[in-house]
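# Fold and contact review
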Amino acid sequence: MSDAIGVSLLGAGNVGGGVVAALTRGGERYAHHVGRTLELRRALVRDASRPREGIAPHLLTQDVADILADDGTHIVVELMGNEEPAREYIAMALRSGRHVVTANKEVMAKCGTELLALAAEHGVRLLYEASVGGGIPTISPLQRDLLANEITAVTAIINGTTNYMLTEMAQRGAGYEDVLRDAQQLGYAEPDPTADVEGIDASYKLAILCSLAFHVAVTPDDVSRQGIARLSARDFLYASELGYTIKLLASGRMEVGELVATVQPTLIAKDEPLAKVDGVLNAVQIEGDLVGRVLFEGPGAGPAATASAVLADVLDVARDLVAGRTSPVALARPAVRVRPPAEHHSRYYLRVTVSDQAGVLAKIAGALGDNGVSIASMVQFEADVDAGTAELVFTTHRAQGGSLATAITQVAAMEVVREVGNVLPIDGQGGPR
Ligand code: NAP
Ligand code: HSE
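Note that the structure is a prediction, hence the values are computed from the model and not measured.

### Section: the site of ligand 2
Every residue near ligand 2 is listed here: Lys-105, Asn-159, Gly-160, Thr-161, Asp-196, Asp-201, Lys-205, Gly-300 and Ala-301. One nitrogen or oxygen atom from the side chain of Asp-196 is found 3.0 Å from a nitrogen atom belonging to ligand 2. Summarising the interface, the protein chains cover 77% of the accessible area of ligand 2, which totals 260 Å² for the free molecule. For the shell around ligand 2, the secondary structure elements donating two or more residues are α6 (160–172) and α9 (200–214). Its residues assigned to classes, the shell around ligand 2 comprises one nonpolar, four polar and four charged.

Written out as structure tokens, the structure is:
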């Protein structure tokens, strides 16, 4: 039998193809890094009759049992996506004594704690660097390089599709429907864009980051979420006039032992590093008590970039195998109280369309004041003479989410108010971060 380290793939699509291409191109270098050759053993696909570049047809299978029965497979790399059957196949591979590498954010966000415990029980490793931020190192820095820190905040742009769309809205003044169509034509957004535009994809990634950063059990249900579909070109215009841009920020922090985790369109000052992360790029900003603030930025998707992260995990496991190192035990992650949005504190941006008549401003200011929401600034940006309306944009001082929600219910019920447009948090200076 060969002394190569055997690698089998569950999935040979975009990322799987990138992994095979990199393995083929960099095989000699990887053998040098590891001390033994890496050998592609089998690849699970839905349709094994379709040829795959770089994979000999006899290596393709539609039956996961073929991979689990292969004694030469030491590392199973899961690149199928979705929760099932990926979760089940990962569990089967771990139980069979195989180390597993996965890029699957949904599985790791929803079932990471139980799968990591299963890996430890079977003395094998489960690595998932590619599950957040594609090619950007995010998991390993939290697990190793920043471990000495008490992490105080994680603030990230971790969905490339929506970052592309919001960048286009900010820079071109384009509307939501237009940029969604562009993103679909360019292949960034799926035909059904729900997971991206509703912040579901980002909530999976944030749950993974928060679990690692704060050493507690976090699932996607713990993340409060607001999508980008209600944003209009006017919000970007007004935000810009006030010195901000708008990003879909994923933000996690612990406040007095409680988790505050949100994915929401957020105003961010134009001179903040995260405000300058444009297009499909991702970035993860981590704040620690020792290191201060660090920012990781780069491609959050794509076959080659994602293969970079997947293969880093494969090489790490392969080196352990060659050195005969045993795997670390899984650390317990205690449950944590999650603060509901009504208990969040932030500065806010609020856009209201009103009848352009005397006394309106005083009424709205009164509702905000009655609920303890202090106004930081107010600008009347636009008056539509024909419609007899004006657009008022408020920013508030730091306020409680529940108090603001009550005030907004009262404002929306006023006869002089035509529409309450967007209510968005403002990052920093006591904002979500
Ligand atoms: P993809 O192109 O859709 O590839 C999925 C692969 O899995 C295909 O080869 C498919 O087989 C196979 N597969 C799916 N369900 C299967 C089943 N039930 N049984 C057997 N084979 C099955 O997906 P991808 O874009 O490579 O993404 C893979 C993973 O990487 C996902 O978890 C994704 O979230 C993650 N990820 C992707 C990116 C990116 O840039 N694409 C970035 C970061 C992380 P067929 O080819 O026969 O259909
Ligand atoms: N749909 C994701 C994004 C791909 O747009 O970032 C990587 O997870």
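### Some thoughts on the pattern of salt bridges
Between side chains of opposite charge, pairing is possible as soon as their charged atoms come close. If you walk through the whole model with that rule in mind, you get 26 salt bridges. Measuring nitrogen to oxygen at the nearest pair gives 3.5 Å for the salt bridge that ties Arg-41 to Glu-39. Its relative accessible area of 23% is what places Arg-41 among the partly exposed residues. Classification of Glu-39 by relative accessible area gives partly exposed; the value is 29%. Close ionic contact of Glu-114 with Arg-87 constitutes a salt bridge, the shortest N to O distance being 3.7 Å. Linking Glu-114 in helix α4 (residues 105–121) with Arg-87 in helix α3 (residues 86–95), this pair joins segments that are 27 residues apart in sequence. What you see here is one network of salt bridges that share partners, running through Arg-253, Glu-255, Glu-258, Arg-337, Arg-339 and Glu-343.

Definitions and limits used
- Residues numbered from 1 in each chain as written.
- Chains lettered and ligands numbered in written order.
- Predicted model: local features only at pLDDT ≥ 70, side-chain atom pairs only at ≥ 80, totals over all residues.
- Heavy atoms only, no water.
- Near = heavy atom within 4 Å.
- Polar contact = N/O pair within 3.5 Å; in protein donor to acceptor, adjacent residues only side chain to side chain.
- Areas by Shrake-Rupley, 256 points an atom, 1.4 Å probe, with all protein chains shown as cover.
- Helix = DSSP H or I, 4+ residues; strand = E, 2+ residues; numbered from the N terminus.
- Nonpolar A, V, L, I, M, F, W, Y, C, P; charged D, E, K, R; others polar.
- Salt bridge = Lys/Arg side-chain N within 4 Å of Asp/Glu carboxyl O.
- Buried < 20%, exposed > 50% of the residue type's maximum accessible area, 1.4 Å probe, protein only.

Just geometry here; none of it tells us what the structure is for.
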